[in-house]
Amino acid sequence: MTGTADVGVDKDSDESSAAVPPAPGGGTEGRPEPGPTPEVSLIKDRTIKTPAPARAPEQPERTAPPEAAAPKAVVPAPTAPEPSTPEPAAPEPVPDHQDQLDDAPHLDVDEPLLAARAHRPSDLIRFLAGVFGIVAVFVLAGIATSTTTGIEQDIATNAPHFSAVLSTITGLVSSVAVLAVPLAFAVERLIKRDGLRVADGVLASVLAYGVSLGIDWWVAEGASEHIRDALTRLPLDSNGTLTDPVHGYLAPVIAYMTAVGMSSRPRWRVALWVVVVFSGVTELLGGYTTPLSLMLTVLIGWSVAYGTLYAIGSPNIRPTGQHLMIGLRKVGFTPDGAHRAPDAPGGTRRYYVTQQGGRPLDVHIIDREQQASGFFYRAWRRLRLRSVAVRRSPQSLRQALEQEALIAYAAAASGAHAPQLVATSELGPDAAILVYENVEGRTLDELADDEVTDEVMASIWRSVAALHERRIAHRRLTGESLLVVDERSACLVNLSGGDIAATDLTLRIDVAQLLTTFALRIGPERAVATANAVLGAERVAQALPLLQPVGMSRSTRVDLSKLSKERKATARAKALEQVAAGERTQQQAEEDIAVAGEDLLSRIRGQILQIAPEAPMEPAKLERLKPKTLIMVIALTFAAYLALTTIKPAQLKLSQMDWAWAAAALLAAAFSYVAAAMSLTGFVPEKLPFRRTVAAQLAGSFVKLVAPAAIGGIALNTRYLQKAGIRSGQAVASVGASQLAGLAGHLLLLFSFGLITGSQTNGDLSASRAVIIGVLTAAVLALVVAAVAPLRRFVLGRLRSLFFGVVPRMLDLMQTPSKLVTGFGGILLLTLSFTACLDFSVQAFGGDVSFSAVAVVFLTANAAGSAIPTPGGIGPVEVALIGALTVADVSPAVATPAVFLYRALTFWLPVLPGWIAYNVLQRRNAL
């Protein structure tokens, strides 16, 4: 049984009191019978110069504060300051009951000073929710015209039924009260020396007023007629002037009351909202506003207030170490000193507390700000993973306290080696504490590799097995949650994230996580062998389908990615040295890189299969929504939006288009996918199914929507070759060889068509200037890259990784000349196909320019536009092509629709077929 009390340390309350419970019946050796409770001052007075108090005995390594911690604030002994010494501002708002504690003795609390202001994630979440609400109001105003008009008509019809005198009196009272109540609250805050909050409220109100003016101007000048009608109206007694879309005084008042924190004071909150509602209803019945305008006003005030609080930070009201000392004495402990220990997972603050004649304590503080942190990550995990793979977060501070206490008691009852929970308590309305008996030791992350012995791992496995026998899942079996006590034993900490009555899948995830944690330190062989010795082969084998990165903790996924990159980089560097020295062939080096690139989870699976060959191999379905599915939805939405906003029938001038030339342009665009497939297969010695390769190139037209064209094509082709059974290194080399040949072919064709164009017009064609501009641009970019060292290293590193193995790959292709003919022929046909498509598009609108000039335009302008990394080159490519055609003496009236037709045929039209091809190839495991 534990002692529980509600400790009143609310900074804004007028009094603080709590009943002190008797000492608990169990675990009394660490908690002597408390004597008179001394007062503890909450002021960190740094102007008093007194000798430093004696430090506590040397603490264990686990609880020692980090060396890189911020400067510590040691509360000095009670010494009256000199009368002439000015007292500096406290780092946090002064509590209302401070005068009662001015003469109280101080206790030693060694901790970094808390920041005076805190950027709360909860404020950001509320701000984003408000912005989303504002957007929703504008969307509703734009599309639900019938509904909004009907509501306004109903209000106008029923408004005369109310007494005019009563309406006038209500409006006058509410107008005065809506300003008087915030002013009275500001005076009350200033009397209690909390002027910082008032200043925050004034800033928020000023910003809200500015935002209101901006929206008023936009609605009047730039918004659609539907939005203007939904947010404004013409009063009956007006002279033709529309009402404001946002109330100029109501939005600032709402922003002010939100920023000063009136929501935490029920009486003030109720009073202000009553007058705000009265004011809004009066304006609505009087015909001076609309329902959507009122809703927009409230959302603007609310959003601006929370945006301001997140930007500048809110006054930090998180409980400090001194508040903790008060809370511990309230529940019967006798602390005499404390210092901060490393935080627990999830941002839970920990303190190591020494007692007067009692055992040391490990105290955890949870608060509302900690609960709000990581909201977006948790939301994404819940959206992506099935519910069984994600633990639900508690909805309130009380639930978090009860959940962690329940897990701790259940773990102790199961026989697992874990710290004993001896007390819980609420520390004011916004925080709670959990008091554990301190266990000395070091976490697994702090141990050297040779200190991770089989005995230590076996001890941890036995504790996990004890938890699982009682259907308790830990869910955080990472290195920071495994505390090694001595050379043979360890205990489990950080149980707050666990589950009671866990499912089989959750328990198997625990085993998979712990296997991975140990394998990261001592390798998969020993990790699996130790687990097998304690759990048995059957239980270890059940974890094999759960060995997926998505099921691991965030820190484990980071460690796995880091380990994989380090192994690949080391193997690649060694392979380059061995190939250069002639010790190994290129093929042998690629095999070494492929072996080193095998991820750790695959090696763990291999070890499990050695002890349990019948283990299930099919991965468990943990994901509800895959990232690529989300990307696909976003890409389609983005494509639809861009298509509707960039492609307009008026720009295409369909009535003036020659449909025969347009059909020829369509055929040229379609043939480009055959040419692209030829250019890829020609640089792959292995045999590829040609139809599937064409489908992969068509799928690349969909990938361009979310990635620059070159990057998306390289990634997709590499993935396609890997799925076709080609090793990763060889796949990258083949794609690199294709890109290198394409670059050389691009430059050669540019030079050739430039010469042809110049000879056709005696060197006096304007298109030749495009060649000069292109060459000069390429030269300038090359000089910039060569001159800037970081940029030069970045480019060389990328090129080295991309073209590693290209030369040996080309040597392999030399043995099959038909492959080279196919590859280089595909590159030539690809360029000619796009050039023909552009030329036919120009001809479709009556343009008259030579094919060679169009080729020069395409080769220069397309490369220049694609250099800007927008998805698919949207925007820069169109501008560059239109500009280059204009330079080539094509009139803008012809160049603009011709370029839009060319982009429609080569970029927009293939999106839907590309999406179909992408999905089909994925279902067939070809992408």
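Here the residue numbers are simple positions, counted from 1 along each chain's written sequence. Whole-chain, interface and lining totals are the exception, using all residues; otherwise, since this is a predicted model, local features are given only for residues with pLDDT of at least 70 and side-chain atom pairs are given and counted only at 80 or more. The side-chain quantities take in all heavy atoms of the structure and omit both hydrogens and water.

Asker: Quick rundown of the overall build of the protein? Include the residues and the values.
Answerer: Secondary structure elements are taken from DSSP: a helix is a run of H or I of four residues or more, a strand is a run of E of two residues or more, and numbering for both begins at the N terminus. Each helix and strand counted, the protein has 33 helices and 13 strands in total. For the protein, buried positions account for 47% of its 927 residues. By definition, residues are in contact when any of their heavy atoms lie within 4.5 Å. Of all intrachain contacts in the protein linking residues separated by at least 6 positions in sequence, the fraction that spans at least 24 positions is 79%. Method for areas: the Shrake-Rupley scheme with a 1.4 Å probe, in which residue coverage is limited to the protein chains shown. Counting only carbon and sulfur atoms, one obtains 62% of the accessible surface of the protein, whose full area is about 44500 Å². Throughout, exposure labels follow a simple rule: accessible area from a 1.4 Å probe, protein chains only, divided by the maximum for the residue type, with under 20% read as buried, over 50% as exposed, and the rest as partly exposed.

Asker: Please provide a residue-by-residue account of the nonpolar core, values included.
Answerer: By nonpolar core is meant a set of buried Ala, Val, Leu, Ile, Met, Phe, Trp, Tyr and Cys residues that side-chain atoms within 4.5 Å join together. By size, the foremost hydrophobic cluster in this structure holds 53 residues, and its most contacted members are I460, F518 and I608. Secondary-structure elements contributing two or more residues to this core are α12 (397–414), α13 (454–469), β12 (482–484), β13 (490–492), α14 (504–522), α15 (524–535), α16 (537–542) and α19 (600–611). Broken down by element, the residue count for this core peaks at nine residues, all from α14. I460 has contacts with L482, A490, L492, L514 and F518, leaving out every residue within four places of it along the chain.

Asker: Quick one: what's the story with the side chain of R340, residue by residue and with numbers?
Answerer: In this fold, R340 is placed in strand β6 (residues 335–344). Residue R340 is classed as buried on the basis of its relative accessible area of 15%. Counted as a polar contact is a pair of N or O atoms within 3.5 Å, where, for protein atoms, one must be capable of donating a hydrogen and the other of accepting one, and residues adjacent in sequence contribute only when both atoms are in side chains. In terms of polar contacts, R340 uses its side chain to reach the side chain of D343, at 3.0 Å.

Asker: Residue-level account of the environment of R727, with values.
Answerer: Checked against the element boundaries, R727 lands in the loop between α24 (709–723) and α25 (728–760). Once residues within four sequence positions are removed from consideration, R727 is found in contact with E591 and A594.

Asker: Before we move on, could you go through the environment of G133 and cite the residues and values that matter?
Answerer: In this fold, G133 is placed in helix α1 (residues 121–143). Relative accessible area serves as the criterion here: at 16%, G133 is assigned to the buried category. Between the alpha carbons of G133 and L296 there is a distance of 8.3 Å; along the sequence they are 163 residues apart.

Asker: I'd like a rundown of the packing of aromatic side chains, residues and numbers included.
Answerer: Centre distance within 6.5 Å is the pairing criterion for rings of Phe, Tyr and Trp, where only the six-membered ring of Trp is used; planes under 30 degrees apart are then read as stacked, over 60 as edge-to-face, and the remainder as tilted. Here the structure, examined in full by the defined rule, presents nine aromatic pairs. With a centroid separation of 5.1 Å and 80° between ring planes, the pair formed by W302 and Y306 is classed as edge-to-face. Placement of both W302 and Y306 in helix α8 (residues 291–312) is noted, with a separation of four residues, approximately one turn of the helix. Its relative accessible area of 28% is what places W302 among the partly exposed residues. Connected via pairs of aromatic rings, a cluster forms that spans F834, F858 and Y902. Geometry around Y351 places R340 over its ring, the cationic atom sitting 5.6 Å from the centre. The criterion for a charge sitting over a ring is simple: Lys NZ or Arg CZ within 6 Å of the ring centre, and within 35 degrees of the ring normal. Looking at R903, its charged tip hangs above the ring of F907, at a distance of 4.8 Å from the centre.

Asker: Give a description of the side chain of R350 that names residues and reports values.
Answerer: With respect to the secondary-structure elements, R350 resides in strand β7 (residues 348–355). Residue class for R350 comes out buried when judged on its relative accessible area of 5%. Engagement of the side chain of R350 in a polar contact is seen with the side chain of D362, the distance being 3.3 Å.

Asker: Hey, could you go over the pattern of salt bridges for me, with residue numbers and the actual values?
Answerer: When a carboxyl oxygen of Asp or Glu lies within 4 Å of a side-chain nitrogen of Lys or Arg, that pair is called a salt bridge. What the rule picks out here adds up to twelve salt bridges. D367 is the partner of R349 in a salt bridge, and the nearest nitrogen-oxygen pair spans 3.8 Å. Highlighted residues: R349 in strand β7 and D367 in strand β8 (residues 361–367), separated in sequence by 18 residues. The buried category is assigned to R349, whose relative accessible area is 3%.

Asker: So what's going on with the sheet that holds β12? Residues and values would help.
Answerer: Strand order across the open sheet formed by three strands is β11-β12-β13, with antiparallel pairing between neighbours. For this open sheet the edge positions go to β11 (442–443) and β13, each flanked by a neighbour on one side alone. Contacts between α13 and the sheet are confined to β12 and β13, with β13 contributing the most and set at about 35° to the helix. Two strands make a pair as long as DSSP finds a minimum of two bridges between them. Axis lines are fitted to C-alpha atoms, over the contacting stretch for helices. Their N-to-C directions set the angle, which ranges from 0 to 180 degrees.

Asker: Outline a negative patch on the surface, listing residues and values.
Answerer: Residues enter patches when they are more than 30% accessible in relative terms and free of salt bridges; like-charged ones are connected within 9 Å and nonpolar ones (Val, Leu, Ile, Met, Phe, Trp, Tyr) within 5 Å. Charge convention: Lys and Arg are scored as positive, Asp and Glu as negative, and His as well as the terminal groups of each chain are ignored. Here the site of a charge means atom NZ of a Lys, CZ of an Arg, CG of an Asp or CD of a Glu. A cluster of acidic residues, D445, E446, E480 and D559, forms a negative patch on the protein surface. For D559, the position within the fold is in helix α17 (residues 554–581). With relative accessibility at 37%, the residue D559 sits in the partly exposed group.

Asker: Can you explain helix α18 (residues 586–596)? Please cite residues and give values.
Answerer: Inspection of α18 places Q586, A589, E590, I593 and A596 among the buried residues, and these make up the whole buried set. Here the buried residues of α18 occupy an arc of 125° about the axis, which is enough to place them on one side. Within α18, the exposed residues directed more than 90 degrees away from the buried face are Q587 and V595. The arc refers to the directions leading from the helix axis to the C-beta atoms.

Asker: Give a detailed account of the pairing of β8, specifying residues and quantitative values.
Answerer: A large share of β8 lies buried, amounting to seven of its seven residues. The side-chain alternation of β8 yields two buried faces, one formed by L361, V363, I365 and D367 and the other by D362, H364 and I366. Where β7 meets β8, five bridges bridge the pair, whose relative direction is antiparallel. Its bridge partner being in β8, Y351 is matched across the sheet by V363. Taking the residues that link successive antiparallel strands as the turn, the β7-β8 hairpin has five residues, and the phi of G357 there is positive, at about 80°. Examined bridge by bridge, β8 and strand β10 (residues 431–437) share seven bridges and lie antiparallel to one another.

Asker: Could you give an account of a nonpolar patch on the surface, naming the residues involved and the relevant values?
Answerer: A contiguous nonpolar patch, built from V131, V135, V139 and I143 and spanning about 340 Å² of accessible area, is present on the exposed surface. Among the structural elements, V131 can be located in helix α1. By relative accessible area, V131 is classed as partly exposed at 33%.

Asker: Please set out the pairing of strand β9 (residues 421–427) residue by residue, giving values where relevant.
Answerer: Taken across its seven residues, β9 has six buried, putting it largely inside the fold. Pairing geometry for β9 and β10, over five bridges, is antiparallel. Along β10, the bridge assignment pairs S425 with I433. Turn length for the β9-β10 hairpin, with the two strands adjacent in sequence and antiparallel, is three residues, and the turn residue G428 shows positive phi of about 85°.

Asker: Report on helix α31 (residues 876–887), specifying residues and quantitative values.
Answerer: Here, expected helix span is obtained from the residue count minus one, scaled by 1.5 Å. For α31, built from twelve residues, the straight-helix expectation of 16 Å at 1.5 Å per residue is met to within 8% by its first-to-last C-alpha distance of 16 Å. Taken residue by residue, α31 has P876, V877, E878, A880, L881, I882, A884 and L885 as its buried positions. Once α31 ends, the next one or two residues include D889, with phi positive near 70°.

Asker: Report on the packing of α17 against α18, specifying residues and quantitative values.
Answerer: Look at α17 against α18: their axes get within 9 Å of each other, and the N-to-C directions meet at 165°. By the criterion of interaxial angle, the relationship of α17 to α18 is roughly antiparallel. For α17 against α18, the interelement crossing comes out right-handed. Across from R567, A571, R572, A575, Q578 and V579 in α17, the residues of α18 making contact are Q586, A589, D592, I593, V595 and A596. Classification convention: Asp, Glu, Lys, Arg as charged; Ala, Val, Leu, Ile, Met, Phe, Trp, Tyr, Cys, Pro as nonpolar; all other residues, Gly among them, as polar. Here the residues of the contact of α17 with α18 are counted per class, giving seven nonpolar, two polar and three charged. In this scheme, roughly parallel covers angles under 35 degrees and roughly antiparallel covers those over 145, while 65 to 115 is roughly perpendicular and the rest are oblique. Crossing handedness: left-handed means the near helix sits turned counterclockwise from the far one by under a right angle, and right-handed means the same turn made clockwise.

Asker: Break down the packing of α13 against α15 for me, citing the residues and quoting the values.
Answerer: Running from amino to carboxyl end, α13 crosses α15 at an angle of 50°, the nearest separation of the two axes being 9 Å. It follows from the interaxial angle that α13 and α15 lie oblique. For α13 against α15, the interelement crossing comes out right-handed. Across the interface between the two elements, D454, M457, A458, W461, R462 and A465 of α13 pack against R526, A527, T530, A531, V534 and L535 of α15. Of the residues contributing to the contact of α13 with α15, the split by class is eight nonpolar, one polar and three charged.

Asker: So what's going on with a positive patch on the surface? Residues and values would help.
Answerer: Residues R386, K621, R624 and K626 make up a contiguous surface patch of positive charge. Position of K626 among the secondary structure elements: in the loop between α19 and α20 (627–646). What makes K626 partly exposed here is its relative accessible area of 40%.

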